Amino acid sequence: ARQTPGPADSEALATLHRVFGYDAFRGEQEAIIEHVVAGGDAVVLMPTGGGKSLCYQIPSLVRPGTGIVVSPLIALMQDQVDALRALGVNAGFVNSTQDFDERRVVEAQFLAGELDLLYLAPERLRLDSTLDLLARGKVSLFAIDEAHCVSQWGHDFRPDYLALSLLGERWPDVPRIALTATATRATHEEITQRLHMPAARHFVASFDRPNIQYRIVPKADPKKQLLTYLRQEHEGDAGIVYCLSRKSVESTAEFLSRNGVEAVPYHAGLDGATRAAHQSRFLREDGLVVVATIAFGMGIDKPDVRFVAHLDLPKSVEGYYQETGRAGRDGRPSTAWMAYGLNDVVQQRKLIQSGEGDEAFRRRAQSHLDSMLGLCETAQCRRGQLLKYFGQEPAAEGCGNCDTCLAPPETWDGTVAAQKVLSTVVRLQRERGQKFGALQIVDILLGKRTAKVIQFDHDQLSVFGIGTDLDEDEWRGVVRQLLAQGLLAVESEYGTLVLTEASGTVLRREREVPLRKEPKKPVVSRSSGSS
Ligand code: ADP
Ligand code: ZN
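First, a word on scope: everything that follows refers to the structure included in this document. All values derive from a computational prediction rather than experimental measurement.

Our focus in this paragraph is the overall build of the protein. Secondary structure assignment for the protein yields 22 helices and 17 strands. Rg of the C-alpha trace for the protein: 26 Å, near the compact-globule value of 24 Å for 531 residues, within the 12% margin. Projecting the C-alpha coordinates of the protein onto the three principal axes gives extents of approximately 85 × 50 × 50 Å. Within the protein, contacts between residues separated by at least 24 positions form 74% of all contacts whose residues are at least 6 apart in sequence.

With that out of the way, let us pick up the environment of E114. With respect to the helices and strands, the residue E114 is situated in the loop between α5 (100–111) and β4 (117–120). With 13 C-beta atoms counted inside 10 Å, the residue E114 sits in the partly exposed group. Residues E114 and I216 lie 102 residues apart in sequence; the distance between their C-alpha atoms is 51 Å. Not counting chain neighbours up to four residues away, the residues in contact with E114 comprise N90 and Q109.

Another aspect to go through is the nonpolar core. One finds V290, V291 and V421 to be the most contacted residues of the largest nonpolar core, which totals 82 residues. With sequence-adjacent residues up to four places away left out, V291 is seen in contact with V241, C243, V249, T252, A253, L256, A263 and P265. Ranked by size, the runner-up nonpolar core spans 57 residues in total, among them V37, L117, A121 and I144.

This next bit is on the site of ligand 1. Around ligand 1, the surrounding shell holds 15 residues, and the nearest of these are Y22, R26, G51, K52 and S53. At three residues, the largest contribution of residues to the shell around ligand 1 is made by helix α3 (residues 52–62). Residue composition of the shell around ligand 1, grouped by class: five nonpolar, six polar and four charged.

On to unusual backbone geometry, then. Residues other than glycine seldom take positive phi values, yet D457 does so here, at roughly 60°. With respect to the helices and strands, D457 occurs in the loop between α20 (451–455) and α21 (472–484). On the basis of neighbour counts, which here come to 10 C-beta atoms within 10 Å, the residue D457 falls in the exposed class. Positive phi, normally seen in glycine, also occurs at R509, with a value near 60°. In this structure, R509 sits in the loop between α22 (503–507) and β17 (514–516).

With that settled, the discussion passes to the sheet that holds strand β9 (residues 239–242). Strand order in the open sheet formed by six strands is β8-β13-β12-β9-β11-β10, with parallel pairing between adjacent strands. Single-partner strands in this sheet number two, and they are β8 (212–218) and β10 (263–266). The average undirected angle you get between the axes of adjacent strands in this sheet is 15°. Note: strand β12 (residues 307–310) against strand β13 (residues 334–340), four bridges, orientation parallel. Residue pairing in the sheet places V308 in a bridge with A336 of β13.

The next point concerns helix α13 (residues 317–324). The buried fraction of α13 amounts to eight of the eight residues, a majority that puts the element mostly inside the structure. Within the span of α13, buried status applies to V317, E318, G319, Y320, Y321, Q322, E323 and T324. Buried residues belonging to α13 abut β8, β9, β12, β13, α15 (359–377) and α16 (382–389).

Moving on: α3. Of all 11 residues that make up α3, 10 are buried, and the element is covered over most of its length. Taken together, the buried positions of α3 are occupied by K52, L54, C55, Y56, Q57, I58, P59, S60, L61 and V62.

Our focus in this paragraph is the pairing of β10. Covered by surrounding structure in β10 are A263 and P265 together with V264 and Y266, the residues of both alternating faces. In the sheet, β10 pairs with strand β11 (residues 289–292) via four bridges, with the strands oriented parallel. Of the residues in β11, the one forming a bridge with V264 is V290. The β-α-β motif built from β10, the intervening helix α12 (residues 272–284) and the parallel element β11 has right-handed crossover chirality.

Taken N-terminus to C-terminus, the directions of helix α2 (residues 29–37) and α3 make an angle of 40°; their axes are 9 Å apart at the nearest point. When the axes of α2 and α3 are compared, the pair comes out oblique. In this structure, α2 crosses over α3, and the sense of that crossing is right-handed. Across the interface between the two elements, Q29, I32, I33, V36 and V37 of α2 pack against L54, C55, I58, P59 and V62 of α3. Per-class residue counts for the contact of α2 with α3 are nine nonpolar, one polar and no charged.

How each quantity is defined
- Residues numbered from 1 in each chain as written.
- Chains lettered and ligands numbered in written order.
- Predicted model: local features only at pLDDT ≥ 70, side-chain atom pairs only at ≥ 80, totals over all residues.
- Helix = DSSP H or I, 4+ residues; strand = E, 2+ residues; numbered from the N terminus.
- Rg over C-alpha atoms; globule rule 2.2 N^0.38 Å.
- Contact = placed C-beta atoms within 7 Å.
- Buried ≥ 20, exposed ≤ 12 C-beta atoms within 10 Å, placed from the backbone.
- Core = buried A, V, L, I, M, F, W, Y, C linked by C-beta atoms within 7 Å.
- Near = placed C-beta within 6 Å.
- Nonpolar A, V, L, I, M, F, W, Y, C, P; charged D, E, K, R; others polar.
- Pairing = 2+ DSSP bridges.
- Axes fitted to C-alpha atoms, helices over the stretch in contact; angles between N-to-C directions.
- Right-handed = clockwise from strand over helix to strand, strands pointing away.
- Parallel < 35°, antiparallel > 145°, perpendicular 65-115°, else oblique.
- Left-handed = near helix turned anticlockwise from the far one by under 90°.

Just geometry here; none of it tells us what the structure is for.
Spelled out as structure tokens, the structure:
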């Protein structure tokens, strides 16, 4: 839709055809490339698989000099450079995996003006020796990949990224392009500020991934649920299963293998050779499942990942979006499936409470978790929720490709149930000065005389046994949804429940509490791991 093709952009298009062998630009690539080729700064937000690399690779080829690419993914630099060389692009990298001589060769190539692209780790770029080297050669642009690493709030924070703000001062005439797939408005602002790019043009691609079907199911026996799901829908498909701990990574991979699904583990506790071997098998083979902690996946470019499954709740919606975004880069139908339960909330809360960081950091982490819970418990379109989270406008009528659109959950008036839960929490605290977790609250409501109920005389409370109208799963569902709606909070690392400011409005009958019905129980035995 260009009216007057200038010499720069026709060269960009020619490069796309000639070097990369593609017919046309995708989405905003063309506008971004034109802008950078012309010397402008850009902040690019594009979902994973959107095609960010070309946005700096083509300008590097078109502009005179070498494009400097800052990337935290040292392990992938070799692959990226090899892929470019295979296309006939003169690319090199400098990082800590090289010895002195290898580095000298690349540096000499750069100084001789023989490189189109030079990949650098951020910790290298801040060294005076590196800055001096760059000053002696010709730089065509700076590309700052995974730019969200500059954000102190994200889990990918890299202090070295903060030093990148110097680039603009030292090379005021060299365009800079910052790219990320992770971005709420806040991260977006932070990137612009911390990298000192006030004049940058912002390109925000749609975060919608229409070919990914989002589904979130209540967690009962997660491994068996996963196996059923894989057998029913993803026989022989490549996919990623995310777990929170190394231990559950190991046991899940083993469980799948034992049950006929080829699966390998991946986590930071494995030695480098094993990790590399499992990663390269995943990239090469057709139907391998990788069971991994979040250590796996950043920068992995495998187009035919058919599913991403979560057995534990991600810390944030950003994390969830980024991880699920590794499915279906080829545009073909794929699923993002998650099993989630009350224990996830308690566990995450524990991590926040016992983790590093000051009070502000904890509050931020808690609000990330709250948004994630909101997504899990919504009775509305999941995609719509995701898009709204990223500040984008969803389709009014729902997406038709998520569980809540495909099978709209029934809702019911949970006001009385909510009051029962909240008054149990109040009674315990006011009459006994005690705080308990969801298990005990539910046992009290159900009138169960467990050892712990007897021990604390909880069968003497007036609320004992007032909740026999619902079963245990339903009560757990009520508690989860109250947490998600902010009507109840998990207070400590022990998972004790406390009221919130909003709880009073329910107890005083000033508002109703619509709740979604628990979906029918999954068809697996409930022997273990209930949550
Ligand atoms: P990102 O870095 O945004 O996750 P990539 O740059 O790795 O995405 O691109 C994702 C995939 O899409 C790659 O396989 C890439 O070759 C392909 N791709 C990117 N742009 C185009 C295009 N204009 N036409 C065809 N394929 C493209
Ligand atoms: Zn939907």
